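Here's the letter readout for the chains.
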Amino acid sequence: MGEVEARWLGAHGYEISIDHPYQHYQFAGRADVLAWTREPAALLHIENRTRLPDLQEAAGSYNAKRQYLARVVAEQLGIGRFASETHVM
C-alpha cells in the first residue's frame with residue numbers, strides 16, 4: 001500500500017520516504033510513508049494499518065509520532081520547521 005501511495009505522491013511533486021526511521025530521546029520508530037515539500041514546507045505522514053489487535057498500543061504509538069515526528073524530520077532534512085503537517089492513519 002505504501003508503494004502505491006508513494007508513487008502517486010511522487011508523481012505530484014512530493015519528496016517521499018517509505019519506512020522512515022526517526023528517534024526523539026527515548027522514543028524511536030518508523031513512519032510508514034512521509035511526503036513533503038520544501039516550499040512551502042509541508043509534511044504528510046501516512047500510517048498504514050491492516051490490523052489493530054491492540055487499539056491502545058496503536059493509538060499511543062500514533063500519538064507519539066504526531067507529537068515528535070515533524071520536528072525530527074524537519075531537522076533531518078535541514079528545513080528548520082514545517083509550516084503545515086498532516087497525519088493520517
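Structure shown above.
What you see is a predicted model, and the numbers here were worked out from it, not measured in a lab. (Residues numbered from 1 in each chain as written. Predicted model: local features only at pLDDT ≥ 70, side-chain atom pairs only at ≥ 80, totals over all residues. Heavy atoms only, no water.)

Turning our attention to unusual backbone geometry. Here the residue pair E39 and P40 is connected by a cis peptide bond, since its omega of 0° sits within 30 degrees of zero. Checked against the element boundaries, P40 lands in the loop between strand 2 (27–38) and strand 3 (41–46). Residue D19 is not a glycine yet carries a positive backbone phi of 55°. Relative to the elements of secondary structure, D19 occurs in strand 1 (residues 15–24). (Helix = DSSP H or I, 4+ residues; strand = E, 2+ residues; numbered from the N terminus.)

Here the focus is the environment of G10. Along the polypeptide, G10 turns up in helix 1 (residues 2–11). Sequence separation of G10 and W36 is 26 residues, and the distance between their C-alpha atoms is 9.6 Å.

To continue, consider the sheet that holds strand 1. An order of 1-2-3-4 is seen for the four strands of this open sheet, with the pairing classed as mixed. Two strands bound the open sheet, and with one partner strand each, they are strand 1 and strand 4 (84–88). The mean angle between the axes of side-by-side strands here comes to 30°, regardless of whether they run parallel or antiparallel. Where strand 2 lies against strand 3, six bridges are found, and the strand directions are antiparallel. (Pairing = 2+ DSSP bridges. Axes fitted to C-alpha atoms, helices over the stretch in contact; angles between N-to-C directions.)

Looking now at the nonpolar core. If you look at the biggest cluster of nonpolar residues, it comprises 12 residues: Y22, A31, L34, W36, A41, L43, L69, A70, V72, V73, A74 and F82. With five residues, helix 2 (residues 55–77) is the single largest residue contributor to this core. Non-local contacts of Y22, meaning those with residues more than four positions away in its chain, are made with F27, A28, G29, R30, A31, K65, L69, V72 and Q76. (Core = buried A, V, L, I, M, F, W, Y, C linked by side-chain atoms within 4.5 Å. Buried < 20%, exposed > 50% of the residue type's maximum accessible area, 1.4 Å probe, protein only. Contact = heavy atoms within 4.5 Å.)

For the rest of this paragraph, the subject is helix 2. Given a rise of 1.5 Å per residue, 23 residues ought to cover 33 Å, and the 32 Å separating the end C-alpha atoms of helix 2 matches this to within 8%. Of all the bends in helix 2, the greatest measures close to 45° and is centred on Y68. Listed as buried for helix 2 are A58, S61, Y62, A64, K65, Y68, L69, A70, V72, V73 and A74. In this structure, the buried residues of helix 2 make contact with strand 1, strand 2, strand 3 and strand 4. Taken from the residues just after helix 2, G78 is the one with a positive phi, measuring 75°. (Expected span 1.5 Å × (residues − 1). Bend = angle between axes of the 7 residues up to and from the residue.)

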